[in-house]
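One-letter residues, chain by chain:
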Amino acid sequence: MVRISVGAPTHQTSGRLYGAFFEDINHSADGGLNANMVNNYSFDGVYLDHHTWRLSGADRWRTQADPLRFWRFDGCSAVSCGTEIRGAHGQTIDTSADCPAPPIHAHSRYARITVGNVRENAGAGDANVQLDDAATDGITGVVTTDGPATANRAAAIENLGYNGGGTNADEPAFAITAGHTYDVSLCIRAVSGAARLSICVIGGDSSPLTGSARLICEAGRTPGANAGDCASGCAAPSTRVVADPSSPHDDGTAGRTPAGNPSDSPVSADVSPATIEQLDDGWVRVSAQVNGLATDYGKLHIGIETGIGIGIRPSNVPGAEGPSNPDNLNGPSRPNTADGLDDPASPVVFDLDLAQFMDADYWGAGDPKWRYGKLRRDLVEAIAALHPAFVRFPGGCIVEGVTPGNEYRWKDTVGALPARRAQYSMWSFKMPDGSSYCQSYQIGFYEYFCLCEDLGAKPLPTLFAGIACQSPGRDPRHMDTDSEPFRRNVIQDYLDLIEFANGDPNTSPWAAVRRDMGHPEPFGLDMIGVGNENFGADYVDKFDRIATAIHERYPDMLCVMSAGLFPFRPAMARTWRHARAIANGVTGAGTGTRTSTDTSTGATSRGPLAAVGSATGDAIVVDEHSYHSPAWFESQAHRFDDYPRCGAGVYFGEYSANGYFAGQPQTEQGANTWRSALGEAAFLTGCERNSDVVRMTSYAPLLAHIPAKGWAQNLIEFNPAHVNPTVNYEVGRLFSTHLGPWTYDVAIESNPNAKHLYVSVTGADDTAPYRYIKIVNTAERPVDVTLEIARGLAGLGATASHGPVRLEVETLTAEPDAKTVIGYRGEATEAIDRARRTYTLPSPSSLLAMKIPPYSVTLVTSR
């Protein structure tokens, strides 16, 4: 029998102990948290061109602009147009001279679609553009067609969505549920001719899974005008929207045009629900809703019908004839051939951009602040169930990027969606083809801040510190710390982000951007990460420069310093010596601007390096990471017992007992087992007991698409339709949702049976006192314990005059190799056995005898 005694409170528990770490890895953003199911929705695809055999890092990691990837064109041609494109090293190449008509935004490319008069003998299939290093054309693309032009020409554009690639590359990924409502929108510009577009999701057998949103795209040309040369003669496009009979009922938007549109706008809606917005340069945004007809995976299908059968009167072309009833969509009695508009021998041309298709019940639907990027509801709800006290974003290694030019630039991720500059993900090399992973930034910094606000979590943005990823095999080049680019592109980005998050929109340009995006109130940013997994003397110097600049303007902003890649004390020594010197004031922290040298690190400090009056009370926080074995994590339950309490706190920012640092194979079979969850649980008891120095912890990675997993072990898995909270998630949720504001002393009797027993206690002694007692048994045998909480019970008010105390016991058990499993289709399996029991102690002196099962996590709640 092992006695566990709960004692008096020792310190206040960190209010930010458990958080969430979000990085766009495993298709966590596009294909995951991003509610839009369209892959490469804006024809701006940027991908990785990776060659491991090249000696130069800059040549191993190159940029490949492929604007039409993941789109299929049948019976029509497509070319990519725009005023700029990415070069091989991520640079921006000006292509405006060759762009036939303006894009929606300078940063956004579009697809020009042509039906009819296309190149003969071209096979139908995927458009896959390969740009060489010298590509400067504004028009790039591949023509695909099923044959020569015919009257009543039929064509289609299709998109499979995010299926993970590899053996899954031909699988549809649009998850449709019967009875659900779906938002569909796109931007279109008529160039020449007329076409009817029908937008829906179809199944593998081409049967409709949703209703259709139908629209008429019609353009007139003055004689002699060149198709596509809108600046020199194109008439304004005429676009009519017709909803399929399966669409939802009228929502009052029929015929609505945006505020400020002239009453004689050529854009009008015939049937609700649809909204039409006329943009600049002939662009029109069409938004509608369709209903799910069946439950299955499908693909986006944009049917295109042209020729005499669509029945459009080109009323803006003098002398043109058409059907007597222009609303008759079933076809005229004779062709309309004025100016070639409906001549089956003439091509029909239109531009397409910003295609979106998503469940209308996305997170925050109806809240005007969620007007740009939209989030998938079930994934947000899974994160919310963890009760995270903070969310770190956007990573992770994508913060530094794999080579210069690939770093995450937050300014590229805010503003209207077409203003955001896409970037390839460095995690592309983990994809089956080593390439196909683009960050569209539909989910950018504004959306991350809004998510934090909705979750009641504090934001922890982490920015590039001037050093590319320092992991082996990358291209870890360093910016010159004394250079103007470092001051302008690194330091200034930190200062501008703080203004974006907290500034006054009336005086701060970046705060005005936040206001204009829909959030005039500040986000309450009070901490910021400086680099990710960076280390070395140059990083220390860069940290000092950045922290000094921040604290000169925002003295209470808590800066998080990286301890590098590995959790071993020799590897972290330089960072920790420097951080503790800052906390102790050795390097002049908080004393104003001056220069001094820390002899232990050799780094020079310039100015106020320590936060003064930070939200956690710390001068600085150091970010440690570990991907080690379950046994290692168990052995680290007392890791922080002897950490100095000097004002330099710990953020254990990435942890997972996946065995990576122990050289264990990273396999699907070995990932997310109950054994790994038990090791993590033992470790977390030590974090709770030492939460006066351990300020924050977060698991990583957070999300993983099935089958697009670059990392085998993750906290939450998902497929296009369902979510799988892993066994590691269940342990994390038990810990994070049962945390009191005070930490209590706990003693475990010295006993051989207690070798693999780990305990932590938190709670409160206010008007409704309680204790959360967490007991982890990693051994293969049960352990009999006697739980003594008499000293704690005095705080709970259990005296002879106050009556008994209620104890609620919840136990999670499983076999060590047990795990939940989810495939590309279907729901997840279960793995954990749960048991709940209730006891009542009659008096403070009573002891509770319990049998702690093998391989178990037990929560005892006393109230």
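Since the model is a prediction, treat every value here as computed from it, not as a measurement.

Attention now goes to the nonpolar core. Judged by nonpolar contacts, the single largest core of 199 residues is most densely connected at Ile113, Ile304, Phe357, Phe445, Ile550, Trp674 and Ile716. Counting 23 residues, the second largest nonpolar core, distinct from the first, contains Ile4, Leu757, Val783 and Val809.

Another point: helix α4 (residues 445-455). Of all 11 residues in α4, nine are buried; the element is thus mostly enclosed. Those residues of α4 hidden inside the fold are in contact with α1 (29-33), α3 (377-384), β23 (390-393), β26 (458-463), α5 (484-502) and α6 (509-516). Where α4 terminates, the next one or two residues include Gly456, which has phi positive at roughly 70°.

So, on to helix α8 (residues 569-583). Of all the bends in α8, the largest measures some 35° and sits at Thr575. Along α8, the residues that are buried comprise Met572, Thr575, Trp576, His578, Ala579, Ala581 and Ile582. Of the residues one or two after α8, Gly585 is the one with positive phi, at around 80°.

For the rest of this paragraph, the subject is the sheet that holds strand β35 (residues 716-718). Strand order in the open sheet formed by three strands is β34-β35-β36, with mixed pairing between adjacent strands. Either end of the sheet is taken by a strand with one partner, and the two such strands are β34 (703-705) and β36 (723-725). Pairs of neighbouring strands in the sheet enclose a mean axial angle of 25°, with direction left out of account. In terms of strand pairing, β35 meets β36 through three bridges, oriented antiparallel.

What follows concerns the packing of aromatic side chains. Counted by the stated rule, this structure contains 44 aromatic pairs. Ring centres 6.0 Å apart and planes at 70° place the aromatic pair Tyr47 and Phe70 in the edge-to-face group. Here Tyr47, found in strand β3 (residues 46-50), pairs with Phe70, found in the loop between β4 (61-65) and β5 (71-74); they are 23 residues apart in sequence, far enough to count as distant. Accessibility expressed as a relative area gives 27% for Phe70, which makes it partly exposed. Measuring from ring centre to ring centre gives 5.5 Å for Trp576 and Tyr643, while their planes differ by 85°; the resulting arrangement is edge-to-face. Within this pair, whereas Trp576 is found in helix α8, its partner Tyr643 is found in the loop between α9 (630-635) and β32 (648-655), the two being separated by 67 residues in sequence. A single burial state applies to Trp576 and to Tyr643, both of which are buried. Put simply, the rings of Phe22, Phe393, Tyr408, Trp410, Tyr441, Phe445, Tyr446, Tyr448, Phe449, Phe500, Trp510 and Phe523 pair up and form one aromatic cluster. In this arrangement the basic side chain of Lys374 is found over the ring face of Tyr362, its NZ or CZ atom lying 5.4 Å from the centre. Lying over the aromatic face of Tyr744, Arg771 brings its terminal NZ or CZ to 4.0 Å of the ring centre.

Tallied over the entire structure, the rule returns 48 salt bridges. Asp642 is the partner of Arg569 in a salt bridge, and the nearest nitrogen-oxygen pair spans 3.4 Å. One end of the pair, Arg569, is in helix α8; the other, Asp642, is in the loop between α9 and β32, and 73 residues separate them in sequence. One network of salt bridges, with partners in common, ties together Glu730, Arg733, Glu810, Arg834 and Arg836.

All right, on to the pairing of strand β39 (residues 770-777) then. The two faces of a sheet get side chains in turn, since along a regular strand they alternate between them. In terms of burial, β39 is largely enclosed, as eight of its eight residues are buried. Burial of β39 is two-sided: the residues Tyr770, Tyr772, Lys774 and Val776 facing one way and the residues Arg771, Ile773, Ile775 and Asn777 facing the other way are all buried. Where strand β38 (residues 757-764) lies against β39, eight bridges are found, and the strand directions are antiparallel. Bridge assignment links Ala764 to a residue of β39, and that residue is Tyr770. Between β38 and β39, which pair antiparallel in sequence order, lie five residues.

Position of Asn40 relative to the elements: it lies in the loop between α1 and β3. Note on Asn40: relative accessible area 8%, which makes it buried. Among the polar contacts listed, one links the side chain of Asn40 to the backbone nitrogen of Gly45, at a separation of 3.0 Å. From its side chain, Asn40 meets the backbone oxygen of Pro67 in a polar contact 2.8 Å long. Filtering out sequence-adjacent residues up to four positions away, Asn40 remains in contact with Gly45, Tyr47, Asp66, Pro67, Leu68, Arg69, Trp71 and Tyr162.

The strand order around the closed barrel built from eight strands is β2-β23-β26-β27-β28-β31-β32-β33, with neighbouring strands paired in parallel fashion. Going across the sheet, the axis of each strand differs from the next one's by a mean of 25°, ignoring polarity. Note: strand β2 (residues 18-21) against β23, two bridges, orientation parallel. Bridge pairing links Phe21 to Arg392 in β23. Where helix α10 (residues 674-689) meets the sheet, its contacts fall on β2, β32 and β33 (694-699), and the angle it forms with β33 comes to roughly 160°.

Another point: unusual backbone geometry. A negative phi angle is the norm for most residues apart from glycine, just as the trans form is the norm for most peptide bonds. Look at the link from Phe393 to Pro394: it is a cis peptide, with omega at 0°. Summarising the element assignment, Pro394 is placed in the loop between β23 and β24 (423-424). Residue Gly396 follows Gly395 across a cis peptide bond; omega there is 10°. Assignment of secondary structure puts Gly396 in the loop between β23 and β24. If you check the backbone angles, Asn40 has positive phi at about 60° while not being a glycine. Phi is positive for Asp281, close to 60°, though the residue is something other than glycine. Position of Asp281 relative to the elements: it lies in the loop between β19 (274-278) and β20 (284-291).

Attention now moves to the environment of Gly90. By secondary structure assignment, the location of Gly90 is in the loop between β7 (84-86) and β8 (92-94). Residue Gly90 is classed as buried on the basis of its relative accessible area of 11%. C-alpha of Gly90 to C-alpha of Gln64: the two residues are 26 residues apart in sequence and 8.4 Å apart in space.

This part is about the confidence of the model for the protein chain. Of the residues in the protein chain, 80% reach a pLDDT of 70 or more, and the chain-wide mean stands at 85. Predicted confidence for residues 118-151 stays below pLDDT 50, and this span has 91 contacts to residues more than four positions away or in other chains.

Closest axis-to-axis distance for the α5/helix α7 (residues 537-553) pair is 10 Å, and the angle between their directions is 40°. By the criterion of interaxial angle, the relationship of α5 to α7 is oblique. Seen along the crossing, α5 lies across α7 with a hand that is right-handed. Across from Phe486, Val490, Ile491, Tyr494, Leu495 and Ile498 in α5, the residues of α7 making contact are Lys542, Arg545, Ile546, Ala549, Ile550 and Arg553. Residues that form the contact of α5 with α7 fall into these classes: nine nonpolar, no polar and three charged.

So, about the environment of Gly164. The topology assignment puts Gly164 in the loop between β12 (154-159) and β13 (174-176). Residue classification places Gly164 among the buried positions, given a relative accessible area of 8%. C-alpha of Gly164 to C-alpha of Ala708: the two residues are 544 residues apart in sequence and 4.3 Å apart in space.

Turning our eyes to something else, we now look at the pairing of β12. For β12, a buried count of five out of six residues is recorded, marking the element as mostly surrounded by other parts of the structure. Sheet analysis places β5 next to β12, joined by four bridges and oriented antiparallel. Residue pairing across strands places Trp71 opposite Asn159, the latter belonging to β12.

What follows covers the packing of α7 against α8. Direction vectors running N to C along α7 and α8 enclose 30°, while the axes themselves pass 10 Å from each other. The orientation of α7 with respect to α8, classified from their angle, is roughly parallel. With respect to the hand of their crossing, α7 and α8 are arranged in right-handed fashion. Mapping the contact onto sequence places Ala537, Val540, Phe543 and Asp544 in α7 and Arg574, His578 and Ile582 in α8. The residue makeup of the contact of α7 with α8, split by class, is four nonpolar, one polar and two charged.

Reading the values: rules and limits
Residues numbered from 1 in each chain as written. Predicted model: local features only at pLDDT ≥ 70, side-chain atom pairs only at ≥ 80, totals over all residues. Heavy atoms only, no water. Core = buried A, V, L, I, M, F, W, Y, C linked by side-chain atoms within 4.5 Å. Buried < 20%, exposed > 50% of the residue type's maximum accessible area, 1.4 Å probe, protein only. Helix = DSSP H or I, 4+ residues; strand = E, 2+ residues; numbered from the N terminus. Contact = heavy atoms within 4.5 Å. Bend = angle between axes of the 7 residues up to and from the residue. Pairing = 2+ DSSP bridges. Axes fitted to C-alpha atoms, helices over the stretch in contact; angles between N-to-C directions. Phe/Tyr/Trp six-rings, centres within 6.5 Å; stacked < 30°, edge-to-face > 60°. Lys NZ or Arg CZ within 6 Å of the ring centre and 35° of its normal. Salt bridge = Lys/Arg side-chain N within 4 Å of Asp/Glu carboxyl O. Polar contact = N/O pair within 3.5 Å; in protein donor to acceptor, adjacent residues only side chain to side chain. pLDDT = per-residue confidence, 0-100. Parallel < 35°, antiparallel > 145°, perpendicular 65-115°, else oblique. Left-handed = near helix turned anticlockwise from the far one by under 90°. Nonpolar A, V, L, I, M, F, W, Y, C, P; charged D, E, K, R; others polar.

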